Amino acid sequence: MTLPRRAHPRPLDIQNGRVDLTHGGGGRAMAQLVEELFIAAFDNEALNQRNDQGAFEVPGGRMVMTTDGYVISPLFFPGGDIGSLAVHGTVNDVAMAGAKPISLSAGFIIEEGFPLSDLKRIVTSMAKASKDAGVPVVTGDTKVVEKGKGDGIFITTAGIGIVPPGVEISGDKARPGDAILVSGTMGDHGVAVMSQRESLGFETEILSDSAALHTMVAAMVAAVPGIRVLRDPTRGGLASTLNEIAGQSGVGMLMEEALVPVKPQVLGACELLGLDPLYVANEGKLICICAEEDAPRLLDIMRSHPLGRDAARIGACREDAHHFVQMKTRMGGNRVVDWLAGEQLPRIC
Amino acid sequence: MTLPRRAHPRPLDIQNGRVDLTHGGGGRAMAQLVEELFIAAFDNEALNQRNDQGAFEVPGGRMVMTTDGYVISPLFFPGGDIGSLAVHGTVNDVAMAGAKPISLSAGFIIEEGFPLSDLKRIVTSMAKASKDAGVPVVTGDTKVVEKGKGDGIFITTAGIGIVPPGVEISGDKARPGDAILVSGTMGDHGVAVMSQRESLGFETEILSDSAALHTMVAAMVAAVPGIRVLRDPTRGGLASTLNEIAGQSGVGMLMEEALVPVKPQVLGACELLGLDPLYVANEGKLICICAEEDAPRLLDIMRSHPLGRDAARIGACREDAHHFVQMKTRMGGNRVVDWLAGEQLPRIC
Amino acid sequence: MKYIDEFRDGELAQSIARAIKAEADPASTYHIMEFCGGHTHAISRYGLEDLLPANVRMIHGPGCPVCVLPIGRIDAAIWLARQPGVILCTYGDMLRVPGSKRLSLLKAKAEGADVRMVYSTMDAIKLAQSNPDRQVVFFAIGFETTTPPTAVAIKQAQALELKNFSVFCNHVLTPSAITQILDSPEVRELGTVKLDAFIGPAHVSTIIGSRPYEYFAEEYQRPVVIAGFEPLDVMQAVRMLVRQINEGRFEVENEFARAVTRDGNEKAKSLVADMFELRRVFEWRGLGMVPYSALRLKEPYAAWDAERRWDVPQDNPGDNKACECGAILRGVKKPIDCKLFGTICTPENPMGSCMVSAEGACAAHWTYGRFRDLEKSE
Amino acid sequence: MKYIDEFRDGELAQSIARAIKAEADPASTYHIMEFCGGHTHAISRYGLEDLLPANVRMIHGPGCPVCVLPIGRIDAAIWLARQPGVILCTYGDMLRVPGSKRLSLLKAKAEGADVRMVYSTMDAIKLAQSNPDRQVVFFAIGFETTTPPTAVAIKQAQALELKNFSVFCNHVLTPSAITQILDSPEVRELGTVKLDAFIGPAHVSTIIGSRPYEYFAEEYQRPVVIAGFEPLDVMQAVRMLVRQINEGRFEVENEFARAVTRDGNEKAKSLVADMFELRRVFEWRGLGMVPYSALRLKEPYAAWDAERRWDVPQDNPGDNKACECGAILRGVKKPIDCKLFGTICTPENPMGSCMVSAEGACAAHWTYGRFRDLEKSE
Amino acid sequence: MCLALPALVTELLPEDSAKVNLGGVTKTVSLALVSDVKPGDYVIVHVGYALSVIDPEEAARTLELFREMGEMAPEALA
Amino acid sequence: MCLALPALVTELLPEDSAKVNLGGVTKTVSLALVSDVKPGDYVIVHVGYALSVIDPEEAARTLELFREMGEMAPEALA
Ligand code: SF4
Ligand code: SF4
Ligand SMILES: [Mg+2]
Ligand SMILES: [Mg+2]
Ligand SMILES: [Mg+2]
Ligand SMILES: [Mg+2]
Ligand SMILES: [Mg+2]
Ligand SMILES: [Mg+2]
Ligand SMILES: [Mg+2]
Ligand SMILES: [Mg+2]
Ligand SMILES: [Mg+2]
Ligand SMILES: [Mg+2]
């Protein structure tokens, strides 16, 4: 008789296997999934302790915490997948406070029947994104829901970070006269994802811009600790994000259409679908609002970072009791750039 | 003409309204949902800043982070609902490191068509649980998925906390000779939830034990900083959790069936369904492993806390190369108490 | 993008603007109605109002097929979507439009009805093919532009002998609507409203050609310029109309000659003529009952007509009494003259046709132009 | 809980254990087979082995209807679940049992088959009523205990004139299996295996009564004690059997008299007799082909027989060659004698019948008792 | 698989069914397979059906036998 | 709603359809409503159908008119 020493006599059948309800039941099948797939991929000291929480040292001070759920469809898209997106998006939300990201948590909600091969691909990509960013996934959770009660996989990540002393970036800090900068072209992510929707019936070579912006932000904050606002224009795009900030800060904004960087292919796809690139989601871009005099220096820093090469000053804040975001069009007229009404297209992040 | 000052001319129709895709689109409808429902309910300084991350001060030291997804069905059950559960479960996972919980994040994934009245009920209960526990929800996220791609609502919370100096609680710290304590009766939560499944066809007056254990833990840790292991026996129940710890620590365990507290109604329901209460989920109970000499003091502390009245010493750790969890039965024989095989019953947390 | 970028040249726009300013007689006012929502949208989105002199006033017409559909037809579509076994599909524009009781197809979907968005009638056919045990109803809306694609789909359903496909037809005709406006008492008899000239439809005209407008120009003595939907097209059309007015001409001119001929698309026209017949009367939201202004399927195609297959309800709950759409569409009032504008009527909660799609007069003004009211009022 | 707690009294268990020890002749060995998985489960879960003297050896019989179902029948159920329009429902125990290629109903469900767990045949009927456009197949398994509830459901389907309900019948009979074991060469001829006595089924006997065992006791000269599934019932039965063996008796005794009579449940028996007939032969996993050991629906109920409605595949891929279940079920070997035990064969990945449910000999030993092997080997 | 339990009948219900109680847990079961069941009886419940009625006297007798046996057993062997 | 765009036909496809390109984005459209389209033509695309073929000479003439007008306009009024 062989002694039953290994906890899991057979390894997971990654190639042909599927997630079933036992993988979420809290028993040995779940332990195996966690061990062979998640812990193997994310592999870091905190996670490897296998506790219900990850532990690590933090310096004291101002901390930020953020979370986002990722329900994107399709799961794999040009330039990324739900796994890397779930890391980038949350690292970015931490970075948008000017903070240095410390660690991430990851909660998976998986639909029964999901191929283990896809799960592995996603987790591997997520682990790579986390390692590349230097922000470990220190704790996680897996739930399995019945077929028809989910959509393949949903991932919710949370992230924390520490804000360097003296930095007080917040959406309510924009002041009339401040410059509005963006770190690059608008709408790449949304268009890349939409190009994968068979029903939309178009093709393009645009890649998602999904990326972790914290190193660029660190350089920006180091140079200009007094940056007023940072925010990533994700769902709802540049337009909704600027409206959000205008409302929080109680200012108006005026931008110039000709200054907003948009790739021709993104414009083409938007024309085709009747969309406005100002409302299309980004996952590797930021909006920076700063004192006008800091703008050139910040633009230089962004442009010298690989993720900010197309950075541009697109307008400025101004007094406006109505907090309108307006835009001077290429034709020379003015228009309001309003919140997104309804949804642009569902499930873009 | 009236000036358009209010962002949302009509308030949400909580009574008759339903979540639709626009509530997750990143536009004005989503902003309204967040404002009128989430921010109104959770109401705290960090969240009220309306940034993509909540900010707060932390002392330095050892921090823990945890996450759990809540996919429970039904959403409302005797003694709680998915909202309070999502607070308690995550506060508990923080507390199980002996840490003082600092803050929570909450990610909502809502199925199109979900009644706003149910959403409000859940969020209100969640906010109450968070306030009662003194652990604010500092940041959140809302996604809406199409009908048939979700199951009403899923909530993923993450939590962080600070571990008092000198405390080093971890699943790998159990040693032969250590005592195994539980804070109360086993299986209440699982049975309460199952009693709501029409298909199971039984009724009972058992309430879920869902509760936040951090104040009890704080008292325990203050008295005995050297507690070896704390863990909440949720999915997979006492049996799976003890096996987890036994594996991590490399010890065997022997418990005594007669010492494990189980309510008669829980026993009855388990008999009826062919389940073993040792495998049924708890959401307001903890397992504590400590040096034998600390056991009486810890039991006293637990029993004097409202959530630990039925605390009991159920057994001890011992040398065992095979890390078996064993149990002396009421009949006087011995048995292995193995990991849960497969799933007990799906969607209990 | 060729044929797009050239027509969005800011410098040219400015120079055309200068030309208009130069040619417009400062002593008179020019009331120009752009019939099409496409033009309304271009004017608002590019802020063209700012380029026009104050005495050239644009009046936004009823030319958005989403806006003009009466509430009762949306209720009917929702009713159809709720019939057992039905998949109702339609263009994305229709999903958010509220019917009565603030219900929309999107909300009906949230409540469980099977509603799908399609980008083409070909998608609707595919949906029927891949769901043989379901009834696929295509909720067809649109002007002459959008009718031929519906006709192609029905032809294809016929060829494929699809028994589970039908069309809920709401195709409407632009000339009848223009007539209705010109026949309104304010315009025709009272003279309280001046409508000096029309910008004619762009893409509608690619199908029907410029010839149908010749009758109006003649009969109502109004100049018409058919124009593309790019901002320079609109500016140029305004300039051509100002010149016609100045010169007392009332001709049909074609600014959009790159895509529109006098006779239009014969192939599309004959396909539509084969398959559809005129309804005696059809209600337009904002305009009321308009005779011979809509199409329905002819008898030989009855098998694909949802209105013959189901007993579709015909009730039509009216708009909010305070809604001023009718007056706005006839140029009698402006959006800000409506007391619901921006208070309880917004694009998220439209109360009348003009707020329904971004091409409606009220929605375009709210979404793109409302800062002007506030600037004026301050 | 009345009638439960009294039968789980630890002190009484100890005193019965002392009695057994006192009565068992130290010079001989007692080989007692508990036929039922329910007894196997009680023995393992309560650690009763520790209460018995070393010379009283329990042999775990084949009495778990989940375990004895051949792989081919599970494959057939999966095949049925995959037929278009079918909802396959069954008791929870069956969902995780692997058929060939490690596929189970749970995995088939994960791949998209519509598989539902039911707690009662009444749920299956409700499922058929609420899904009139689907075919609901109830995958019926179980011994005499579980057959009458299936019969009630079919009666109800008949009364309701349900056209979309059928039963994939796998009900099997315990007496035939016991005969098969006693007729095996090892037991009957070679004498290599001693089977001195039987603990007879508890709940099966509530239906069939104690009378059917009288034939065995007589024919094979083996004592039988019918016993309940509580630990004290099992201990007491062992004690009664030791006493019979010591006294050379081979009678049928009834320890479970509180629920079992000599004739059983006449109402249930006649319902089953009305509706079912014997199959000529049926395969039992671990035991092979057993004549007249299973039931199928009679001709008048053909409309509710899934095997008559579908051409259900009849292949039966065998178990892993190394699996020793057959020998274990006949008492020739023990789980640890199988080289797959605990290595590649575990409850998560059972390779043979005895590992399938917690009531199988291998699974019970793995789940509850494997520490004993290691204690011995150390 | 033959899991079955004794439960107290607390109430007869229409359609040949009854409410039973087990340790404070209640459940509706079918009486289609038994006759003459009344509140106060204990029935053996299996997959939602009552299979037989517990005979309280036989139960008492069995328990009595257990006890006798215990008394007969020599304590020394414990 | 009458959203339609000029796109370059890059390839004729079976079943009376064609691949078109708009700013680097490609799409398959139906040619069921037009005749004699060839690669290199620009077509006006609406809900997946080509509605008409752009006449390049007319387009050039229109642009020319824009420019003339601009030149005629008195700069002083800018
Ligand atoms: S604002 Fe609304 S209610 Fe008023 S006229 Fe416009 S559409 Fe009608
Ligand atoms: S361990 Fe598995 S393979 Fe071996 S006899 Fe038991 S069931 Fe068969
Ligand atoms: Mg966030
Ligand atoms: Mg984000
Ligand atoms: Mg953000
Ligand atoms: Mg967890
Ligand atoms: Mg799904
Ligand atoms: Mg956790
Ligand atoms: Mg937890
Ligand atoms: Mg978010
Ligand atoms: Mg659902
Ligand atoms: Mg835990």
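Residues numbered from 1 in each chain as written. Chains lettered and ligands numbered in written order. Predicted model: local features only at pLDDT ≥ 70, side-chain atom pairs only at ≥ 80, totals over all residues. Heavy atoms only, no water.

- As annotated in an unreviewed UniProt entry, chain E is Hydrogenase maturation factor HypC from Paramagnetospirillum magnetotacticum MS-1.
- Taken directly from UniProt, the Sequence similarities (unreviewed entry) text for chain E runs: "Belongs to the HupF/HypC family." (UniProt positions renumbered as here; feature names shortened; annotations may be inferred.)

- Chain C has the name Hydrogenase maturation factor in an unreviewed UniProt entry, where Paramagnetospirillum magnetotacticum MS-1 is given as its organism.
- According to the UniProt record, the Sequence similarities (unreviewed entry) comment for chain C is "Belongs to the HypD family."

1. A few points about the pairing of strand β14 (residues 325–328) of chain A
Residue and element names in this part refer to chain A.
Then comes step 1: By the bridge criterion, 4 bridges tie strand β11 (residues 252–256) to β14 in an arrangement that is parallel. The residue bridging M253 from the neighbouring strand is V325, located in β14.
Then comes step 2: Strand direction decides the pairing type here: β14 and strand β15 (residues 334–336), joined by 3 bridges, are antiparallel. In the strand pairing of β15, K328 is matched with N334. (Pairing = 2+ DSSP bridges. Helix = DSSP H or I, 4+ residues; strand = E, 2+ residues; numbered from the N terminus.)

2. Digging into the sheet that holds strand β15 (residues 334–336) of chain B
All names here are of chain B.
Then comes step 1: One open sheet accounts for 7 strands, arranged β10-β12-β8-β13-β11-β14-β15; its pairing is mixed. Both outer strands of the open sheet, β10 (229–231) and β15, are each paired with one neighbouring strand and no more. Recorded for the sheet is a direction-independent mean angle of 25 degrees between the axes of neighbouring strands.
Then comes step 2: Of the strand pairs in this sheet, strand β8 (residues 179–182) and strand β13 (residues 312–318) are connected by 4 bridges, and their pairing is antiparallel. Following the sheet pairing, I180 is matched in β13 by G315. (Axes fitted to C-alpha atoms, helices over the stretch in contact; angles between N-to-C directions.)

3. Some thoughts on the domain arrangement of chain C
Residue and element names in this part refer to chain C.
Then comes step 1: If you check the domain split of chain C, you get domain 1 (10–65 + 174–254), domain 2 (71–170 + 287–309) and domain 3 (319–359).
Then comes step 2: The straight-line distance from the C-alpha centre of domain 2 to that of domain 3 is 26 Å.
Then comes step 3: Opposite the 6 residues of domain 2 that make contact, domain 3 presents 6 residues.
Then comes step 4: Summed over both sides, the interface between domain 2 and domain 3 buries roughly 510 Å², with carbon and sulfur atoms accounting for 62% of that surface.
Then comes step 5: Considering only the side of domain 2, the residues that lose the most area to domain 3 are P98, R102 and L287, jointly responsible for 57% of the buried surface there.
Then comes step 6: Connecting domain 2 to domain 3 are 0 salt bridges.
Then comes step 7: For the pair domain 2 and domain 3, the number of links is 1 residue pair in polar contact (both at pLDDT 80 or more). (Domains from an automatic or database assignment. Contact = heavy atoms within 4.5 Å. Buried area = accessible area lost by both parts, 1.4 Å probe. Salt bridge = Lys/Arg side-chain N within 4 Å of Asp/Glu carboxyl O. Polar contact = N/O pair within 3.5 Å; in protein donor to acceptor, adjacent residues only side chain to side chain.)

4. What about the coordination of the magnesium ion (ligand 10)?
Then comes step 1: Listed as protein donors to the magnesium ion (ligand 10) are D68 of chain A (OD) and D141 of chain B (OD); their distances from the metal cover 2.0 to 2.2 Å.
Then comes step 2: In this structure the magnesium ion (ligand 3) is found 3.5 Å away from the magnesium ion (ligand 10). With D68 of chain A in strand β2 (residues 61–70) and D141 of chain B in strand β6 (residues 137–145), the pair connects residues from two separate chains. Taken as a pair, D68 of chain A and D141 of chain B share a single burial class, namely buried. (Donors = N, O, S within 2.8 Å, 3.2 Å for Na, K, Ca; no water. Buried < 20%, exposed > 50% of the residue type's maximum accessible area, 1.4 Å probe, protein only.)

5. Details of the relation of the copies chain A and chain B
Each of the two copies of the chain can be brought onto the other by a rotation about an axis and a shift along it.
Then comes step 1: For the pair chain A and chain B, the best superposition has an RMSD of 0.0 Å and corresponds to a rotation of 180 degrees with a translation of 0.0 Å parallel to the axis. Here the copies are linked by what is in effect a two-fold axis. When each C-alpha of chain A is compared by its distance to the rotation axis, G60 of chain A comes out closest, at 1.7 Å.
Then comes step 2: When the interface residues of chain A are mapped onto chain B, 100% of them are again interface residues, pointing to one common binding face. (Least-squares fit on C-alpha atoms with pLDDT ≥ 70 in both.)

6. A short note on the interface of chain A and chain B
Then comes step 1: Listed by partner, the interface residues are 79 residues for chain A and 79 residues for chain B.
Then comes step 2: Interface area, chain A with chain B, both sides summed: about 6,500 Å², of which 54% is carbon and sulfur.
Then comes step 3: Counting the surface chain A buries against chain B, the share from its top three residues, D52, M65 and R235 of chain A, is 12%.
Then comes step 4: In this assembly, chain A and chain B are joined by 8 salt bridges.
Then comes step 5: Between R235 of chain A and D141 of chain B there is a salt bridge; the shortest N-O distance is 3.1 Å.

7. Here we look at unusual backbone geometry
Then comes step 1: Note that the residue after S73 of chain A, namely P74 of chain A, is joined by a cis bond; omega there is 0 degrees.
Then comes step 2: One non-glycine residue with positive phi stands out, namely R50 of chain A, at about 60 degrees.
Then comes step 3: Among the secondary structure elements, R50 of chain A is positioned in the loop between α2 (45–48) and β1 (54–58).
Then comes step 4: On the accessibility criterion, R50 of chain A (32% relative accessible area) is partly exposed.
Then comes step 5: The backbone phi angle of Q221 of chain C is positive, close to 55 degrees, even though this residue is not glycine.

8. Quick notes on the packing of aromatic side chains
Then comes step 1: A full pass over the atoms with the stated rule returns 21 aromatic pairs over all chains.
Then comes step 2: With centroids separated by 4.6 Å and ring planes inclined at 40 degrees, the aromatic side chains of F38 of chain B and F108 of chain B adopt a geometry described as tilted. One end of the pair, F38 of chain B, is in helix α1 (residues 28–42); the other, F108 of chain B, is in strand β5 (residues 100–111), with 70 residues separating them in the sequence. F108 of chain B carries the same exposure label as F38 of chain B, and that label is buried.
Then comes step 3: Here the aromatic residues F35, F143 and W284 of chain C are joined through ring pairs into a cluster of three or more.
Then comes step 4: Note that K143 of chain A overlies the ring of Y70 of chain B, its terminal NZ or CZ placed 6.0 Å from the centroid.
Then comes step 5: R370 of chain C extends its terminal NZ or CZ atom over the ring of W366 of chain C, reaching a point 3.9 Å from the ring centre. (Phe/Tyr/Trp six-rings, centres within 6.5 Å; stacked < 30°, edge-to-face > 60°. Lys NZ or Arg CZ within 6 Å of the ring centre and 35° of its normal.)

9. Some points on the site of ligand 1
Then comes step 1: Every one of the 13 residues lining ligand 1 counts as a neighbour, but C323, E324, C338, C345 and C362 of chain C are closest to it.
Then comes step 2: Of the residues belonging to the shell around ligand 1, the class tally is 11 nonpolar, 1 polar and 1 charged. (Near = heavy atom within 4 Å. Nonpolar A, V, L, I, M, F, W, Y, C, P; charged D, E, K, R; others polar.)

10. Considerations on the sheet that holds strand β6 (residues 165–171) of chain C
Residue and element names in this part refer to chain C.
Then comes step 1: The strand order across the open sheet built from 4 strands is β4-β3-β5-β6, with neighbouring strands paired in parallel fashion. The sheet is open, and its two borders are formed by β4 (114–118) and β6, each paired with just one other strand. Within this sheet the neighbouring strands show an average axis-to-axis angle of 25 degrees, counted without direction.
Then comes step 2: Relative to β6, strand β5 (residues 135–142) is paired through 7 bridges, and the arrangement is parallel. Across the sheet, residue I141 finds its bridge partner in β6, namely N170.
Then comes step 3: Seen against the sheet, helix α4 (residues 71–81) touches β3 (86–91), β4, β5 and β6 and runs at an angle of roughly 170 degrees to β6.

11. Concerning the arrangement of the chains
Then comes step 1: Where the 9 pairs of chains in contact are concerned, the greatest contact count is recorded for chains A and B.
Then comes step 2: Over all C-alpha pairs, chain C and chain D never come within contact, reaching a minimum spacing of 11 Å.
Then comes step 3: Structurally, chain D and chain F remain out of contact, their C-alpha atoms never closer than 32 Å.

12. So, the pairing of strand β8 (residues 179–182) of chain A
Residues and elements named next belong to chain A.
Then comes step 1: On β8, burial covers both faces: A179 and L181 on one face and I180 and V182 on the other are all buried.
Then comes step 2: One ladder, built from 4 bridges, connects β8 with strand β12 (residues 287–290); its direction is antiparallel. Note on β12: the bridge partner recorded for A179 is C290.

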